[in-house]
Amino acid sequence: MSVVTLTINDKLVSAQAGQSLLSAIKDQGIDIPTLCCLEGLTDWGGCRLCMVEVVGSPRLVASCVTPVAEGMVIQTESQRLTAYRKMIVELLLSERNHICASCVMNGGCELQSVAAKLGVDHVRYDYLCPDLPMDASHERNVMDPNRCILCTRCVRVCDQVEGAHTLDVMGRGIQQRVIAGLNQAWGTSRSCTKCGKCVQVCPTGALFKKGATAAEMEKQHDFLIWILDGREKKIWRWS
Ligand code: SF4
Ligand code: SF4
């Protein structure tokens, strides 16, 4: 595979041709906020938190869906980037109900942790908080669309890793939400294998296991790499 050279934060580095900018940035040990991105799932570029400045381009680009290119010069941190990242998080917080104190994922939520890292201590926008019905019809899990940030991780894992494609997204704007089956109660969907992968990858408290205590809520996103690596090598057990 050919190698390209580019400049990240004033440092000349090399990357594999075809590699995403985000992955090249991470290879350099640079921390960059993300929410919709998860290793093991296809990149989607939905949350835009991973955007970076590319010299010569007036617009900011989402690094997860931008391939590296020879001679590219990028900056991952600037006042402009921080301002936009904070605005994105504030808009997410204002769109639905993210009252952390009453959420099952308080302390283990990725949205909460990104907000804290960016120093989001207040929200400048009006709270919308539509009153969306929860779905507790599933035998093991609960879906609370009021906590959902529409990152589609659950949709992608159900389709791309479990192969069930029980979940999808319906509607537009404030009414957009994740649905099961043909917009039916999750518990009545016959395609759901009850594998729980969607719950594990959800970054917020929108999907959670029934009956688990707050201390048991820590989600294990790294299981995806374990599964995908095992499939590739045809190794199903680790000693
Ligand atoms: S439990 Fe598994 S099959 Fe059911 S919706 Fe979640 S990922 Fe899909
Ligand atoms: S339910 Fe969770 S994983 Fe699915 S789109 Fe909403 S926040 Fe993302």
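Note that the coordinates shown come from a computational prediction; the quantities given were computed from them, not determined experimentally.

### As for the overall build of the protein
Part 1 of the reasoning: When its secondary structure is counted, the protein shows six helices and nine strands.
Part 2 of the reasoning: Computed over the C-alpha atoms, the radius of gyration of the protein is 19 Å, within 12% of the 18 Å expected from 2.2 N^0.38 for a compact globule of 239 residues.
Part 3 of the reasoning: Its C-alpha atoms give the protein principal-axis dimensions of roughly 55 × 50 × 35 Å.
Part 4 of the reasoning: Each of the 239 residues in the protein was classed as buried or not, and the buried ones make up 46%.
Part 5 of the reasoning: For the protein, the proportion of contacts with a sequence separation of at least 24, taken over those separated by at least 6, is 60%.
Part 6 of the reasoning: Summed over all atoms, the accessible surface of the protein reaches about 12,900 Å², with 53% contributed by carbon and sulfur.
Part 7 of the reasoning: Charge separation in the protein, taken as the distance between the mean sites of 26 positive and 25 negative side-chain charges, equals 4 Å.

### As for empty space enclosed by the protein
Part 1 of the reasoning: Summed over all chains, the structure comprises two cavities of 30 Å³ or more.
Part 2 of the reasoning: Considered as a void within the structure, the largest cavity measures approximately 120 Å³ in volume.
Part 3 of the reasoning: Lining the largest cavity are 15 residues, and of these Cys-148, Cys-154, Val-178, Cys-202 and Ala-206 sit closest to its centre.
Part 4 of the reasoning: Of the residues contributing to the lining of the largest cavity, the split by class is twelve nonpolar, two polar and one charged.
Part 5 of the reasoning: Grouping the amino acids of the lining of the second largest cavity by side-chain chemistry returns six nonpolar, five polar and three charged.

### Focus: the domain arrangement of the protein
Part 1 of the reasoning: Considered domain by domain, the protein is made up of domain 1 (3-77) and domain 2 (84-233).
Part 2 of the reasoning: The C-alpha centroid of domain 2 is placed 25 Å from the C-alpha centroid of domain 1.
Part 3 of the reasoning: Opposite the 21 residues of domain 1 that make contact, domain 2 presents 25 residues.
Part 4 of the reasoning: Of the roughly 1,700 Å² buried between domain 1 and domain 2, counting both surfaces, carbon and sulfur atoms make up 66%.
Part 5 of the reasoning: For the domain 1 face of the interface with domain 2, the top three residues by lost area are Leu-35, Leu-38 and Leu-41, together amounting to 35%.

### Here we look at the nonpolar core
Part 1 of the reasoning: In this structure, Leu-35, Leu-49, Val-89, Leu-93 and Leu-111 are the most contacted members of the largest nonpolar core, which totals 25 residues.
Part 2 of the reasoning: Elements represented by at least two residues in this core include exactly helix H2 (79-95) and helix H3 (110-118).
Part 3 of the reasoning: Ranked by residue count, the leading element in this core is H2, at five residues.
Part 4 of the reasoning: Residues lining this core come from more than one domain, with at least three contributed by each of domain 1 (3-77) and domain 2 (84-233).

### Regarding the site of ligand 1
Part 1 of the reasoning: Surveying the vicinity of ligand 1 reveals the residues Cys-158, Glu-162, Ala-164, Thr-166, Leu-167, Trp-186, Cys-192, Thr-193, Lys-194, Cys-195, Gly-196 and Cys-198.
Part 2 of the reasoning: Taking a 2 Å distance to the grid points as the criterion, the majority of the atoms of ligand 1 fall inside the second largest cavity.
Part 3 of the reasoning: Residue composition of the shell around ligand 1, grouped by class: seven nonpolar, three polar and two charged.

### Focus: the site of ligand 2
Part 1 of the reasoning: Around ligand 2 sit 13 residues in total, of which Cys-148, Cys-151, Thr-152, Cys-154 and Cys-202 are the nearest.
Part 2 of the reasoning: Mapping ligand 2 onto the cavity grids shows that it belongs to the largest cavity.
Part 3 of the reasoning: Per-class residue counts for the shell around ligand 2 are ten nonpolar, two polar and one charged.

What counts, and where the lines are drawn
For every chain, the first residue of the written sequence is number 1, and numbering continues from 1 onward in sequence order. Chains carry letters from A onward and ligands carry numbers from 1 onward, assigned in written order. Per-residue local features are limited, in this predicted model, to residues with pLDDT of at least 70; the limit for side-chain atom pairs, both in listing and counting, is 80 or more; totals at the level of whole chains, interfaces and linings are taken over all residues. Excluded from the side-chain calculations are hydrogens and water; all other atoms, namely the structure's heavy atoms, are used. The way it works is that DSSP assigns letters per residue, a run of H or I at least four long becomes a helix, a run of E at least two long becomes a strand, and they are numbered from the N terminus. In this description the radius of gyration comes from C-alpha coordinates, and the expected globular size is given by 2.2 Å times residues to the power 0.38. Working definition: with a 1.4 Å probe on protein chains only, accessible area under 20% of the residue-type maximum means buried, over 50% means exposed, and in between means partly exposed. Any two residues whose heavy atoms approach within 4.5 Å at even a single point are treated as in contact. To be clear on the numbers: accessible area is Shrake-Rupley with a 1.4 Å probe, and residue cover counts the displayed protein chains and nothing else. Under the counting rule used here, the positive set is Lys and Arg, the negative set is Asp and Glu, and His together with the chain ends is not counted. By convention, the charge on Lys lies at NZ, on Arg at CZ, on Asp at CG and on Glu at CD. We place a 1 Å grid over just the protein atoms. Points where a 1.4 Å probe fits but has no way out form a cavity, open points with protein on both sides within 12 Å along at least 5 of 7 lines form a pocket, and any residue with an atom within 4 Å of a point lines it. Grid points are joined across faces, edges and corners, and a volume is the space filled by probe spheres set on the points. Residue polarity follows a fixed list, in which Ala, Val, Leu, Ile, Met, Phe, Trp, Tyr, Cys and Pro are nonpolar, Asp, Glu, Lys and Arg are charged, and the others, Gly among them, are polar. Bear in mind that the domain bounds are from an automatic or database domain assignment. The quantity reported as buried area is the accessible area (1.4 Å probe) lost by two parts once they are put together, taken as the sum for both. Residues belong to a common nonpolar core when they are buried Ala, Val, Leu, Ile, Met, Phe, Trp, Tyr or Cys residues joined through side-chain atoms within 4.5 Å. Nearness is defined per residue: one heavy atom within 4 Å of the molecule or strand is enough. Whether a molecule sits in a cavity or pocket is decided by its atoms, more than half of which must lie within 2 Å of the grid points.

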